[in-house]
Amino acid sequence: MRKQIVAGNWKMNNDLAQTQALLTDLQKQTQTSNAEVMIAPAFTNLYQAFETLKHSNIEVIAQNMHFAESGAYTGEVSANMLKSVGINTVILGHSERREYFNETDESLAKKVDAALEKEMQIIFCFGEQLADRKSGNHENIVEGQIRKALFHLEASSFQNIILAYEPVWAIGTGETATPEQAQDMHAFIRQTLEDKYGSDVANLVSILYGGSCKPSNAKEIFSNPDVDGGLIGGASLNAEDFYAIVNAF
Ligand code: 13P
């Protein structure tokens, strides 16, 4: 059985006091589903979040990391630094990193290698732009993003990889992929994995959906056979909304 996962990507939101307030609210929530729950605060608040939640069911994860071990990379954070504050999972390849910080499939492949080398788990994000969807090129784009960043890996590496399909046109726009669009793409992604690595890998990897996922639509999206959870932006900043999504399984 594949893992069901709901991860909150807080993006560049919440200072120290706001983080503490949201952590307190999260601890008051009741979980009725079996989903694994993760939250990704900003780098500055990771240690505080880890310390606060270390005896809870919520895993604290990072939004990004650099591929180098250490050195002259002003402003960057390494896998070892994350691990030293209790973080064992990192989001890589988010569309905002690709768009605003020039992350490419090639640089992401290096980050993937660095994270795996340090035995970290990865939530690897990808997704097409609106123009790709309109021109019917969305499957090609997604297949290329996965192939270029991940298909140099051995099959065993996929034990530590979670995929997150986030159509760029659905992120922060209020426009969600329909349950059918999500299922079709997730099935395509699983088939792409199967073609390359076989059915054991394809059936093992959890594929999350991200993009305007909220309490009102989570159940319908998660009910699809190839959707194994969600990567949640805006709705993860409110504890009740986030747990309504966690409990939508
Ligand atoms: P929204 O849920 O705000 O659309 O963001 C999705 C996302 O980018 C999660 O990584």
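Here, every reference points to the structure presented above.
Analysis parameters
- Residues numbered from 1 in each chain as written.
- Predicted model: local features only at pLDDT ≥ 70, side-chain atom pairs only at ≥ 80, totals over all residues.
- Heavy atoms only, no water.
- Disulfide = S-S within 2.5 Å.
- Buried < 20%, exposed > 50% of the residue type's maximum accessible area, 1.4 Å probe, protein only.
- Core = buried A, V, L, I, M, F, W, Y, C linked by side-chain atoms within 4.5 Å.
- Contact = heavy atoms within 4.5 Å.
- Helix = DSSP H or I, 4+ residues; strand = E, 2+ residues; numbered from the N terminus.
- Pairing = 2+ DSSP bridges.
- Right-handed = clockwise from strand over helix to strand, strands pointing away.
- Salt bridge = Lys/Arg side-chain N within 4 Å of Asp/Glu carboxyl O.

Colleague: When you look at the state of the cysteines in this model, what are you seeing that I'm missing?
Modeller: Here a disulfide denotes a covalent bond joining the sulfur atom of one cysteine to the sulfur atom of another. Scanning the entire structure with this criterion turns up zero disulfides. Free cysteine: Cys125, not disulfide-bonded; nearest cysteine sulfur from Cys213 at 14 Å. Under the relative-accessibility criterion, Cys213 is labelled buried at 6%.

Colleague: I keep staring at the nonpolar core and nothing clicks. Help me out?
Modeller: Most often, soluble globular proteins have nonpolar side chains that are buried together. Ranked by internal contacts, the top residues of the largest apolar core, which has 66 residues, are Phe124, Leu150 and Leu163. Leu150 has contacts with Val112, Phe124, Phe158, Ile161, Leu163 and Tyr197, leaving out every residue within four places of it along the chain. By size, the runner-up hydrophobic cluster in this structure holds twelve residues, among which are Ile5, Ala7, Ile91 and Leu231.

Colleague: Help me understand the pairing of strand β2 (residues 36-40), please; the structure alone is not making it clear to me.
Modeller: Within a regular strand, the side chains alternate between the two sheet faces. Across the five residues that make up β2, a large majority, four, are buried. Bridge count between strand β1 (residues 5-9) and β2: five bridges; the pairing is parallel. Bridge pairing in β2 places Ala7 opposite Met38. Taking the sense of rotation as the criterion, the β-α-β connection linking β1, helix α1 (residues 16-27) and β2 turns out right-handed. In the sheet, β2 pairs with strand β3 (residues 58-60) via three bridges, with the strands oriented parallel. Across the sheet, Met38 pairs through a bridge with Glu59, a residue of β3.

Colleague: Help me understand the pattern of salt bridges, please; the structure alone is not making it clear to me.
Modeller: Working definition: two side chains of opposite charge can pair if their charged atoms are close together. The final tally for this structure, using the stated rule, is 14 salt bridges. In this structure, Arg190 and Asp226 form a salt bridge, with 2.5 Å as the shortest nitrogen-oxygen distance. Here Asp226 lies in the loop between α10 (215-222) and β8 (229-232) and Arg190 lies in helix α8 (residues 179-197), a separation of 36 residues in the sequence. The residues Arg190 and Asp226 share a single accessibility class, namely buried. Via salt bridges that share partners, Arg2, Arg190, Asp226 and Asp228 belong to a single interconnected network.

In short, shape yes, function no, at least from these values alone.
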